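# Analysis of the macromolecular model
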Amino acid sequence: MVMMKMLLIMEDESKNLIKVFILVSVSLSYTYFIVGKNIPKGKIRFLSLLPVFYYFTVLPLTISSIVVRGTLSFFITWLANFKLILFSFGQGPLSSDQSFISFVSVCCLPVNIRQDSPLKSLHQTMKIDKTKTLTPKNSKKPLLSLPVIIFLGLLVLHVYCNHKQSINPSFLLVLYLYLFLEILLALGATLARVMLGSELEPQSNEPYLSTSLQDFWGKRWNLMVSSILRPTVYHPVCHMSAHIFGRNWASVPAVLATFVVSGLMHEQIFYYMNNMEPTWEVTFYFVIHGICTAKEVGMKKALNGKWQLHRLVSGPLTLGFVVVTTMWYFLPPALRSGSDLGIKEFGSALEFFEEKLISNVLTSTS
């Protein structure tokens, strides 16, 4: 029964995904070959891309899967649209001078090409030693490797689907959220490396080792979002605030504005995934973190490095604050809506593949 249901769902979703793929391909072909090559950067280019912004915003609504909808809203509705806004004014990681494959990959995937790594075409990539090209010379092995993260993700999935009554479901969702995002970013980076054959900037930097909120949000957690929010929100607000508050304190309102925008974009993702009206709890979560981070930045400027907590104290305090506030404000909308951020879908998918595997084994032995 589960197998038949999953097959029907997969058939419908595959048709919808093909439509999404075609629409994204057509939109980016128009952006690259017509707008990028013929319209100079500025307001006219921005206005020319308004239809693309619209299509990229409504695309997730054509998908029924919670996980796919959330992934599309993150990759396309948020990151791709913000990258295209920067492209409109000749900024950001996109350029009409790069190859079309590079343009599409960087636009649609949560990746940035390393500036010290020359871009190579797909044809050139097949002729080079990828072990030399794709591995940074001074790369440091993370504490948790990708196989370990995948194993932990499957473990959390199993516990949540079968034993969540014995463990706080919100805490399990915090673990799932971190592990799923790490896996999702790693898959996106792998696809980009195959397509481009170039080194990529790190997407995450062991956020569990953070020693402050500024360290967590700015240097460790989901670095692709940070790299997009800086030029689109932080830098413009910082520039305007410098005329009002002075250069030393211009970063404080810029930090607040960045967190507000991040909160609104997360609210949109949750709207797509939960299929219910926004409660603004997710935005409130980011406003809280924005205020606390701004206060932290202000205190650091006031103290000027004269005093700071030891990392053995600041580390647990930072992670504790992030986890607790995530459980209080970030996750309740997902729990109330019943979407559980798609973790039940993964459970159903695992059950489907288990049934299929058992069925194949029984067929081969009979």
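Described below are features of the structure shown in this document.

Conventions adopted
Residues numbered from 1 in each chain as written. Predicted model: local features only at pLDDT ≥ 70, side-chain atom pairs only at ≥ 80, totals over all residues. Heavy atoms only, no water. Helix = DSSP H or I, 4+ residues; strand = E, 2+ residues; numbered from the N terminus. Buried < 20%, exposed > 50% of the residue type's maximum accessible area, 1.4 Å probe, protein only. Contact = heavy atoms within 4.5 Å. Patch = residues over 30% accessible without salt bridge, like charges linked within 9 Å, V, L, I, M, F, W, Y side chains within 5 Å. Areas by Shrake-Rupley, 256 points an atom, 1.4 Å probe, with all protein chains shown as cover. Salt bridge = Lys/Arg side-chain N within 4 Å of Asp/Glu carboxyl O. Arc of directions from axis to C-beta. Axes fitted to C-alpha atoms, helices over the stretch in contact; angles between N-to-C directions. Left-handed = near helix turned anticlockwise from the far one by under 90°. Core = buried A, V, L, I, M, F, W, Y, C linked by side-chain atoms within 4.5 Å. Disulfide = S-S within 2.5 Å. Phe/Tyr/Trp six-rings, centres within 6.5 Å; stacked < 30°, edge-to-face > 60°. Lys NZ or Arg CZ within 6 Å of the ring centre and 35° of its normal. Parallel < 35°, antiparallel > 145°, perpendicular 65-115°, else oblique.

### Observations concerning the overall build of the chain
Check the secondary structure of the chain and you find 16 helices and 0 strands. The buried share of the chain, taken over its 366 residues, is 44%. The contacts of the chain with a sequence gap of at least 6 include a subset with a gap of at least 24, amounting to 73%.

### Considerations on a nonpolar patch on the surface
Side chains of Met299, Leu303, Trp307, Leu309, Leu312, Val313 and Leu317 sit close together on the surface and give an oily, nonpolar patch of about 740 Å² of accessible area. When residues of the nonpolar patch are traced back to their parent elements, those giving at least two are α13 (281-303) and α14 (311-330). With 3 residues, α14 is the largest single contributor of residues to the nonpolar patch.

### Structural notes on unusual backbone geometry
A positive phi is found at asparagine 222, a non-glycine position, where the angle reads about 45°. Tracing the sequence through the fold places asparagine 222 in the loop between α10 (213-220) and α11 (223-245).

### Section: helix α3 (residues 50-58)
For α3, every residue scored as buried is listed here: Val52, Phe53 and Phe56. On an axial view of α3, the arc spanned by its buried residues comes to 100°, and they lie on one face.

### With respect to the pattern of salt bridges
As enumerated under the stated definition, the model contains 2 salt bridges in all. Residue arginine 220 pairs with aspartate 215 through a salt bridge whose shortest N-O separation is 3.0 Å. Of the two residues, arginine 220 and aspartate 215, both sit in the buried class.

### Some words on the packing of α11 against helix α12 (residues 251-274)
Where α11 meets α12, the closest approach of the two axes is 8 Å, and the angle between their N-to-C directions is 145°. Considering how the two elements wind past one another, α11 and α12 form a crossing that is right-handed. Judged by residue contacts, Leu229, Val233, Tyr234, Val237, Cys238, Ser241 and Phe245 of α11 engage Ser251, Pro253, Ala254, Val255, Ala257, Thr258, Val261 and Ser262 from α12.

### Points about the nonpolar core
In this structure, Phe56, Phe74, Ile76, Trp78, Leu84 and Trp217 are the most contacted members of the largest nonpolar core, which totals 80 residues. Ignoring any residue separated from it by four or fewer positions in sequence, one finds tryptophan 78 in contact with Ser73, Val225, Leu229, Ser262, Met265, His266 and Ile269.

### Topic: the state of the cysteines
The full count for this structure, using the stated rule, is 0 disulfides. The cysteine cysteine 108 is free of any disulfide, with cysteine 107 supplying the nearest cysteine sulfur at 4.8 Å. On the basis of relative accessibility, which here comes to 14%, the residue cysteine 108 falls in the buried class.

### A few points about the packing of aromatic side chains
Going through the model one piece at a time under the given rule, you end up with 25 aromatic pairs. Seen in terms of ring centroids, phenylalanine 46 and phenylalanine 53 are 5.5 Å apart; in terms of plane orientation they differ by 45°. Their pairing is tilted. Assessed through its relative accessible area of 11%, phenylalanine 53 is described here as buried. Each member of the aromatic cluster is reached from another via a ring pair, and the members are Tyr178, Tyr208, Phe216, Trp217, Trp221, Phe259, Phe270, Tyr285, Phe286 and Phe330. Of note, arginine 45 hangs over the ring of phenylalanine 87, and the distance from its end group to the ring centre comes to 4.6 Å.

### A look at the packing of α10 against α13
Describing two packed helices takes the angle between their axes plus the distance from one axis to the other. Their axes nearest at 8 Å, the elements α10 and α13 cross at an angle of 110°. Accordingly, the angle class assigned to the pair α10 and α13 is roughly perpendicular. Listed contacts from α13 to Leu213, Gln214 and Trp217 of α10 are Tyr285, Phe286, His289, Cys292, Thr293, Glu296, Val297 and Lys300.

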